[in-house]
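A closer look at the structure
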Amino acid sequence: MKTGRIGIVVILCGVLLTARESLQAAKLVINADLGKAKISKNIYGHFSEHLGRCIYEGYWVGEDSEIPNTRGIRNDVVQALKKIKVPVLRWPGGCFADEYHWKDGIGPREQRPSMINTHWGGVTENNHFGTHEFLDLCEQIGCEPSICGNVGSGTVEELSDWVEYVTFDGKSPMADLRRENGRDEPWKVKYWGVGNENWGCGGNMRPEYYADLYRRFQTYVRKYSGNKPFKVACGAYADNLRWTEVLMEKVPVRMMQGLSLHYYCGSGEKSRSATKFGEVDWFAQLRRALRMDEHLRRHSVIMDKYDPKKKVALIVDEWGAWHNVEPGTNPAFLYQQNSLRDALVAGVTLNIFNRHCGRVKMANIAQTVNVLQAMILTDGPKMILTPTYHVFDMYKVHQDAKLLPADLECGEYKFEGDEIPALDVSASRDWSGKIHLSICNLNPNKPDKLSCEIRGAKVTGISGTVLTAPAINSHNTFDNPDVVKPKAFNDAMLKGNGFEATLPAKSVVVLEID
Ligand code: AHR
């Protein structure tokens, strides 16, 4: 009898707890028939600069290398980047762009002059990777090139010649020079940046001065042979709203198709190590990553004032986490490891870009291989994929899909008296009608239940992929390359016209709904 009563109490407690837990489940409503804006595939773009081991070793090993390569470009890296469908690649900088003289990087390689890479360690740049090699790389990857011109230390003539060299199909001094260098047909290069960080490493200019220079330089970025340039003006860093205000006020909308924005979300609070950090650093880093949303909102408000029809795109052409370099490596080479925390940074940032796709038309994570928040790390002939790579692989389903309105009500991830939302979501519907949801659980200590209702479409099936790992600082190494790797996700079940899922702590989940 006594045991019976205890049993009833235990069952009641169980029922109450279950009820409480299900009350606490996060709620998501997706309106599958209300999507309007397209998530430009270029939001999943990349940035590669002549910095450290990104270009040299990362891509370029030279034709005589024992590392398998095609015309000097390593095959393993190209294959990996093809898999994640890199849509666009920005080059040659960064700060390097404003001291790069492109004519030094054409013609027979052994005759190319060298230069000092003053920004990045004062190393000698031999110019073996130049315009032809970059455009060959883009062709091998199957992505669009985005070239950033030199305003800080270059001339209008130089930039104008570069455009002619690359895109003019008739007879002209630059097109003939291109032919002499082995390329008969012009390339199609749509995206042209007019300077980089010209408020800083690109010339320390005031926005008023740069706005005038931009107007002048962009005039000579000509449309040749049907190649209509999409011109990107140098934009602000993070919360420098004045730069955006002045550019929008002084440069007519018809003169710029894009205005850039850079924001790096730094590293941890107490530790700046990429792999040796605690929860305090995890929390601080993710909170800073979430600030991308605020930056986009603020700059968009200014852009809306001058450009209510959203003709000028916001181009976030540098973003990512910035940790201390790996011990024992050149501090100027910015070589950092990449952990599960970086995967969450990528996941929430890409969700934010998706949600702002009405204004944000391109973003380029810094910097693809061996530098900052890279997709790929190399060591001689060896190559590993980072947790960030896997997020880009999982999220590629959003490329060129329609953004769906997604209303999320979720709890908070609390840490030492502070809090951020525990979950972060974006949703899209692709051309075939499939719905994709990317969901980040930022809480490293607690799985989260999610109950989702899909309106405006009949739900018949669900499948998914999850990226998580044993620890917040789990990462892949050359000896252990698969510590952080996506797996099939089996914790989502159809319910009503939607589903219920349990999202593991510290995870990125992408669901496909038929
Ligand atoms: O990505 C590294 C550097 O960060 C870039 O060269 C510069 O544009 C930014 O400050």
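Everything below is about the structure printed above this text.
As the structure is a computational prediction, the values presented were derived from the model and not from experiment.

Structural notes on the overall build of the protein chain
- A count of helical and extended segments in the protein chain gives ten helices and 27 strands.
- Taking contacts inside the protein chain between residues at least 6 apart in sequence as the whole, the part at least 24 apart equals 75%.
- With the model as given, the accessible surface of the protein chain reaches about 21,100 Å², and the carbon-plus-sulfur share is 52%.
- Seen as two clouds, the 63 positive and the 62 negative side-chain charges of the protein chain have centres 7 Å apart.

A few points about the site of the ligand
- All residues adjacent to the ligand are F47, E49, G94, C95, W120, N196, E197, Y264, E318, W322, Q367 and L372.
- Interatomic distance of 3.1 Å between a side-chain N/O atom of N196 and an oxygen atom of the ligand.
- Between an oxygen atom of the ligand and a side-chain N or O atom of E318, the distance comes to 2.8 Å.
- Relative to its unbound accessible area of 280 Å², the ligand is 92% covered by the protein chains.
- Looking at the shell around the ligand residue by residue, the class counts come to six nonpolar, three polar and three charged.

A short note on the packing of helix α7 (residues 241-250) against helix α8 (residues 279-306)
- Following both chains from N to C, one finds α7 and α8 inclined at 15°, their axes separated by 10 Å at the closest point. Here α7 is positioned roughly parallel relative to α8, judged by the angle of their axes. The handedness of the crossing between α7 and α8 comes out as right-handed. The residues of α8 that touch α7, namely those facing L241, T244, E245, M248 and E249, are R298, H299, I302, M303, K305 and Y306.
- Residues belonging to the contact of α7 with α8 are distributed by class as follows: five nonpolar, two polar and four charged.

As for the packing of aromatic side chains
- With the rule as written, the count across this model stands at 21 aromatic pairs.
- By way of ring pairs, the aromatic residues W60, W91, F96, Y100, W102, F129, F134, W162, Y165 and W192 are connected into one cluster.
- Positioned above the aromatic ring of Y335 is the side chain of R53, whose terminal nitrogen or guanidinium carbon lies 4.9 Å from the ring centre.

Some words on the sheet that holds strand β25 (residues 492-494)
- The five strands are arranged β17-β1-β22-β26-β25 in an open sheet whose pairing can be described as mixed. Bordering the open sheet on either side are β17 (406-409) and β25, each of which pairs with just one other strand. When strand polarity is set aside, the average angle formed by the axes of neighbouring strands in this sheet is 15°.
- Pairing of strand β1 (residues 26-31) with strand β22 (residues 448-455) involves six bridges; the strand directions are parallel. Its bridge partner lying in β22, K27 is registered against S451.

Things to note about the sheet that holds strand β20 (residues 423-429)
- A sheet is described by the order of its strands in space; here six strands give the open sequence β16-β20-β21-β27-β23-β24, paired in antiparallel fashion. Sheet topology places β16 (402-404) and β24 (487-488) at the edges, where each strand pairs with a single neighbour.
- Alignment of β16 against β20, held across three bridges, turns out to be antiparallel. Within the sheet, the bridge partner assigned to K402 lies in β20 and is R429.
- Strands in contact with helix α9 (residues 340-355) are β16, β20, β21 (435-441), β23 (462-467) and β27 (507-513); relative to β20, the strand with the most contacts, it is inclined by about 50°.

Quick word on the state of the cysteines
- By the definition in use, this model includes one disulfide.
- A sulfur-sulfur separation of 2.2 Å characterises the disulfide bridge that pairs C95 with C201. Measuring the twist about the S-S bond at about -90°, one finds the C95-C201 disulfide to be left-handed. Placement of C95 in the loop between β5 (88-91) and β6 (115-117) and of C201 in the loop between β9 (191-194) and α6 (207-219) is noted, with a sequence separation of 106 residues between them.
- Taking relative accessible area as the criterion, C95 reaches 12% and is therefore assigned buried.
- Looking at C201, the relative accessible area reads 25%, which means it is partly exposed.
- The thiol sulfur of C143 is not disulfide-bonded, and the nearest other cysteine sulfur, from C138, lies at 3.9 Å.
- With no disulfide of its own, C357 has C440 as its nearest cysteine by sulfur position, at a separation of 17 Å.

About the cut-offs
- Here the residue index of a chain counts from 1 through its sequence in written order.
- pLDDT decides what is reported in this predicted model: residues at 70 or higher carry local features, side-chain atom pairs at 80 or more are listed and counted, and totals for whole chains, interfaces and linings draw on all residues regardless.
- With hydrogens and water stripped out, all remaining heavy atoms of the structure feed into the side-chain values.
- By definition, any uninterrupted DSSP run of H or I lasting at least four residues is a helix, any uninterrupted run of E lasting at least two residues is a strand, and each is numbered from the N terminus.
- Here a residue-residue contact requires only that any non-hydrogen atoms of the pair lie within 4.5 Å.
- Here the accessible surface of atoms and residues is derived via Shrake-Rupley with a 1.4 Å probe, and residues count as covered only by protein chains that are part of the display.
- The charge count treats Lys and Arg as positive and Asp and Glu as negative. His and the chain ends do not count.
- Think of each charge as sitting on NZ of Lys, CZ of Arg, CG of Asp or CD of Glu.
- Distances are taken per atom, and a residue is near a molecule or strand as soon as one of its heavy atoms is within 4 Å of it.
- For this analysis, a polar contact is any N or O atom pair within 3.5 Å, provided that within protein one partner can donate a hydrogen and the other can accept it, and provided that sequence-adjacent residues contribute only side-chain to side-chain pairs.
- Gly is put with the polar residues, along with every residue not named as nonpolar or charged; the nonpolar set is Ala, Val, Leu, Ile, Met, Phe, Trp, Tyr, Cys and Pro, and the charged set is Asp, Glu, Lys and Arg.
- Each axis is a line fitted through C-alpha atoms, and for a helix only the stretch in contact is used; angles between axes span 0 to 180 degrees, taken between their N-to-C directions.
- In what follows, roughly perpendicular refers to angles from 65 to 115 degrees, roughly parallel to angles under 35, roughly antiparallel to angles over 145, and oblique to any angle outside these ranges.
- Whether a crossing is left-handed or right-handed is set by the direction in which the near helix is turned from the far one by less than a right angle, anticlockwise for left-handed and clockwise for right-handed.
- Aromatic contacts are taken between Phe, Tyr and Trp rings whose centres are within 6.5 Å, Trp giving its six-membered ring; a plane angle under 30 degrees counts as stacked, one over 60 as edge-to-face, and the others as tilted.
- Two thresholds decide whether a charge sits over a ring: the Lys NZ or Arg CZ must be within 6 Å of the ring centre and within 35 degrees of the ring normal.
- Strand pairing requires that DSSP identify at least two bridges connecting the strands.
- Cysteine sulfur atoms are paired as a disulfide whenever they come within 2.5 Å of each other.
- Exposure is judged per residue with a 1.4 Å probe applied to protein chains only, and the accessible area is read against the type maximum: over 50% gives exposed, under 20% gives buried, and values in between give partly exposed.

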